[in-house]
Amino acid sequence: LYSCSIDEGSQMENSRGTGLPDMQLVNATYQVSRGDKNPLFVKGKTIEIFNKTDRTYITEASFTQYNKDKEIILEGYFGEGEIDTRTNQFELQQSVHLTIYPEELSIAGENLSYNSDQGIVTSNEDQVITLSNQKGDILKGKGLIGNIEKTLFEFSELEEGVLNYD
């Protein structure tokens, strides 16, 4: 003879200490957009949505953003990510890689922040980020702040760099 009961007074907590997600998706695509901006499509192994805290957590993910002509303007991947769904601010971790098109400019690092509404990418002051392109230009530095739409980037501290001039 077996039985079970539900104790609604003590909700289980997940690894983030925030209780159970309002929705959990496995091997799914999550669309991040606000208004008429170009949406970002994130494909993740797990996607956990928490409505009360306005947070979405995604693991083992890739993402793509298209312009109005359905051309890829941004794509990349990361190991873990947290999205503030009020501001569309992404906190990306574990081998983050972004590629901006049509310039084919790559941004790589262990952790990056990306505000998809503003098109701004930033890194911590103590973390090395690598920028590279198809021409063989490579810049490594700390404290990155960049505007993806304008392809304008700045480091607070440049570690090394190679620029090729035609």
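Here the structure is a predicted model, which means the values were calculated and not measured.

### Regarding unusual backbone geometry
- With an omega dihedral of 5°, the bond running from tyrosine 101 to proline 102 counts as a cis peptide bond.
- When you line up the elements, proline 102 lands in the loop between strand S5 (89-100) and strand S6 (105-115).
- Non-glycine residue serine 95 carries a positive phi angle of around 55°.
- With respect to the secondary-structure elements, serine 95 resides in strand S5.

### Notes on the nonpolar core
- Grouped together as the largest cluster of nonpolar side chains are 29 residues, with contacts concentrated most on Val42, Leu98, Ile107, Val121 and Leu144.
- Where this core is concerned, the elements lending two or more residues are strand S1 (23-32), strand S2 (40-50), strand S3 (55-66), strand S4 (72-84), S5, S6, strand S8 (128-132) and strand S10 (152-162).
- Per element, the largest residue contribution to this core is 5 residues, and it comes from S5.
- Residues contacting leucine 144, with those up to four places away along its chain left out, are Ile107, Leu112, Val121, Thr122, Ser123, Ile129, Leu131, Phe153, Glu154 and Phe155.

### Remarks on the environment of isoleucine 58
- Looking at where isoleucine 58 falls in the secondary structure, it is placed in strand S3.
- Residues isoleucine 58 and valine 26 lie 32 residues apart in sequence; the distance between their C-alpha atoms is 9.7 Å.
- Excluding its chain neighbours within four sequence positions, the residues that come into contact with isoleucine 58 are Tyr30, Val42, Gly44, Thr46, Ile47, Phe78, Gly79, Glu80, Gly81 and Ile83.

### Side note on the pairing of strand S9 (residues 138-147)
- As paired strands, strand S7 (residues 120-122) and S9 are joined by 3 bridges and run antiparallel to one another. Along S9, the bridge assignment pairs isoleucine 120 with asparagine 147.
- With 5 bridges connecting them, S8 and S9 associate as antiparallel partners. Its bridge partner lying in S9, threonine 130 is registered against lysine 140.
- Linking S8 back to S9 in an antiparallel pair, the connection comprises 5 residues, with glycine 136 at a positive phi of about 95°.
- Across 9 bridges, the pairing between S9 and S10 is antiparallel. Of the residues in S10, the one forming a bridge with isoleucine 145 is glutamate 154.

Conventions used here
- The residue count restarts for each chain, going from 1 along the sequence in the order it is written.
- It should be noted that, the model being predicted, local features are given only for residues of pLDDT at least 70 and side-chain atom pairs only at 80 or more, the latter also being counted only at that level, while totals for whole chains, interfaces and linings use all residues.
- Hydrogens and water are ignored here; the side-chain numbers use all heavy atoms of the structure.
- For helices the rule is a DSSP run of H or I covering at least 4 residues; for strands it is a run of E covering at least 2, with both sets numbered from the N terminus onward.
- To form a nonpolar core, buried Ala, Val, Leu, Ile, Met, Phe, Trp, Tyr and Cys residues must be joined to one another through side-chain atoms within 4.5 Å.
- Residue exposure (1.4 Å probe, protein chains only): buried if accessible area is under 20% of the type maximum, exposed if over 50%, otherwise partly exposed.
- Should any heavy atoms of two residues lie within 4.5 Å, those residues are counted as being in contact.
- Here, strands pair whenever DSSP counts at least two bridges between them.

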